[in-house]
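Working through the structure, step by step
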Amino acid sequence: MAEKTKKEDKPVADKITVGHVHMSGCTGCLVSLADNYGGLLTILDRYADLVYGLTLADVRHIPKMDVALVEGSVCIQDKLAVEEIKQTREKAAVVVAVGGCACYGNITRFGRGGQPNQPQHESYLPIGDLIKVDVYIPGCAPTPQLIRNVCVMAYLLLKGTKEQKDLATAFLTPLMQLADRGTTACGCDLIYDVINQGLCMGCGSCTASCPVRAITMEYGKPNVNREMCIKCGACYAQCPRSFFNVDVVNQYEGIMEAIDGALK
Ligand code: SF4
Ligand code: SF4
C-alpha cells in the first residue's frame, strides 16, 4: 500500500522517456547500463520510462522519446540501419552516442566486408557521420557510472529546477563538446592533441583507461602500440589534459552530490 502511495507521488508524466537503439554494436554498452544494478532500477522507478529497447521490451518501432541511447555504428550498405538512425534523430530530443562504436566506429572501423551472408556489408560509420549527435559517452565499454550520470543529468536538465538545469548543463557540456569534436579516435590523439601540444603531464590515466593495453608509459610519457589500438577513444576522453572543462571540476562536488542524492 505504502509503495502505491509512493508511485502516485511520482507520476509517470514527470519522468523522461528513454530508448536504447541498437545499431551495429555488441550489446556490451547496454550490459554496462545494466551493471548499475539497483541504480538502474531507481532510475527506471523515479526518472525514466524505457519506451524502446529491442533487447528488453517488445516495442518494434522507434517511438518519440526524450533521450535516445544509441549503441553501435551504422553499416551504410544496410538500408534498414541507415533508416533507423535517421528515424532516431527525428524521434529523439537528445541523441546520446553510447560507447566507442557509436562515437568513433571503434572495432567496426576494421570492417572490410567480404564475409557470408552479406559480403557487401563493408562500410561502417559512427552515428555522428549520419546524424547530429548531442552527447558522447566514449569507452569500450563505457563505464556504468558515466552512463548512469548522463541519464540522471538528462533528467535534471529536462525536468529539474533552474539550479539543477545549470548543474546538468555544466556536467553535460564537455560530453557535448566531445560530440562536436569529431567522429574519429585513435591512441594517436594522445600524440597529436596532448603530447605534441605540450600538455601531457605523464599521469598515466590513458594507460589505465585503454581496454586492450595498447598504451605503455615510456620515460614518463604514453607510447601507443597502434597495431593493438581498437580506436575506441577512451584514452583521449580520460586524459585530464584533453577536453577537460575547468567549470565542471569546480562544480564536481555539487554534481556528485546531485547524482548521489537522486539515487538514494
Ligand atoms: S589506445 Fe587504447 S584507449 Fe586509446 S583509442 Fe586505442 S584502444 Fe582505445
Ligand atoms: S592521460 Fe593525458 S596527461 Fe596523462 S599521461 Fe596520458 S596523455 Fe599524458
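Heads up: the structure comes first, above all this text.
The following refers to the structure shown. (Residues numbered from 1 in each chain as written. Chains lettered and ligands numbered in written order. Predicted model: local features only at pLDDT ≥ 70, side-chain atom pairs only at ≥ 80, totals over all residues. Heavy atoms only, no water.)

Our next topic: the sheet that holds strand β1 (residues 16-22). Here we have five strands laid out as an open sheet, ordered β2-β1-β3-β5-β7, and parallel in their pairing. Single-partner strands in this sheet number two, and they are β2 (48-53) and β7 (135-137). The sheet shows a mean angle of 25° between the axes of neighbouring strands, taken without regard to direction. Strands in contact with helix α6 (residues 144-159) are β1, β3 (65-71), β5 (92-98) and β7; relative to β1, the strand with the most contacts, it is inclined by about 140°. (Pairing = 2+ DSSP bridges. Helix = DSSP H or I, 4+ residues; strand = E, 2+ residues; numbered from the N terminus. Axes fitted to C-alpha atoms, helices over the stretch in contact; angles between N-to-C directions. Contact = heavy atoms within 4.5 Å.)

As a further point, take the nonpolar core. In this structure, Val70, Ile127, Tyr136 and Leu190 are the most contacted members of the largest nonpolar core, which totals 37 residues. Among the secondary structure elements, those contributing two or more residues to this core are β3, α4 (79-91), β5, α5 (100-104), α7 (162-181), α8 (188-195) and α10 (234-238). Not counting residues up to four positions away in its chain, the partners in contact with Leu190 are Ile195, Cys206, Ile215, Pro222, Val224, Cys235, Tyr236 and Cys239. (Core = buried A, V, L, I, M, F, W, Y, C linked by side-chain atoms within 4.5 Å. Buried < 20%, exposed > 50% of the residue type's maximum accessible area, 1.4 Å probe, protein only.)

Looking now at the environment of Tyr104. Tracing the sequence through the fold places Tyr104 in helix α5. With a relative accessible area of 2%, Tyr104 lands in the buried category. In sequence terms Tyr104 and Leu125 are 21 residues apart; their C-alpha atoms lie 7.8 Å from each other. Leaving out residues up to four positions away in the same chain, Tyr104 has contacts with Arg109, Pro126, Tyr136, Pro138, Leu178, Gly182, Thr183, Thr184, Ala185, Lys231, Cys232 and Gly233.

What follows covers the site of ligand 2. Around ligand 2 lies a shell of 14 residues, among which Cys200, Cys203, Gly204, Cys206 and Cys239 are the nearest. If you list the elements that add at least two residues to the shell around ligand 2, you get α8 and α9 (205-209). Its residues assigned to classes, the shell around ligand 2 comprises 10 nonpolar, three polar and one charged. (Near = heavy atom within 4 Å. Nonpolar A, V, L, I, M, F, W, Y, C, P; charged D, E, K, R; others polar.)

For the rest of this paragraph, the subject is α7. Across its 20 residues, α7 extends 28 Å between first and last C-alpha, which sits within 8% of the 28 Å expected from 1.5 Å per residue. Helix geometry: α7 is bent most strongly at Leu172, by close to 35°, with proline Pro174 lying one to four residues after it. Among the residues of α7, Leu167, Ala168, Ala170, Phe171, Leu172, Pro174, Leu175, Leu178 and Ala179 are the ones counted as buried. In this structure, the buried residues of α7 make contact with α5, β7, α6, α10, α11 (246-250) and α12 (252-263). Gly182 sits one or two residues past α7 and shows a positive phi near 150°. (Expected span 1.5 Å × (residues − 1). Bend = angle between axes of the 7 residues up to and from the residue.)

In this section: the pairing of β5. Most of β5 sits out of view: six of its seven residues are buried. Pairing between β3 and β5: six bridges, direction parallel. Counterpart to Met65 in the pairing with β5 is Ala92. Note that β5 and β7 share three bridges and pair parallel. Bridge assignment links Val96 to a residue of β7, and that residue is Val135.

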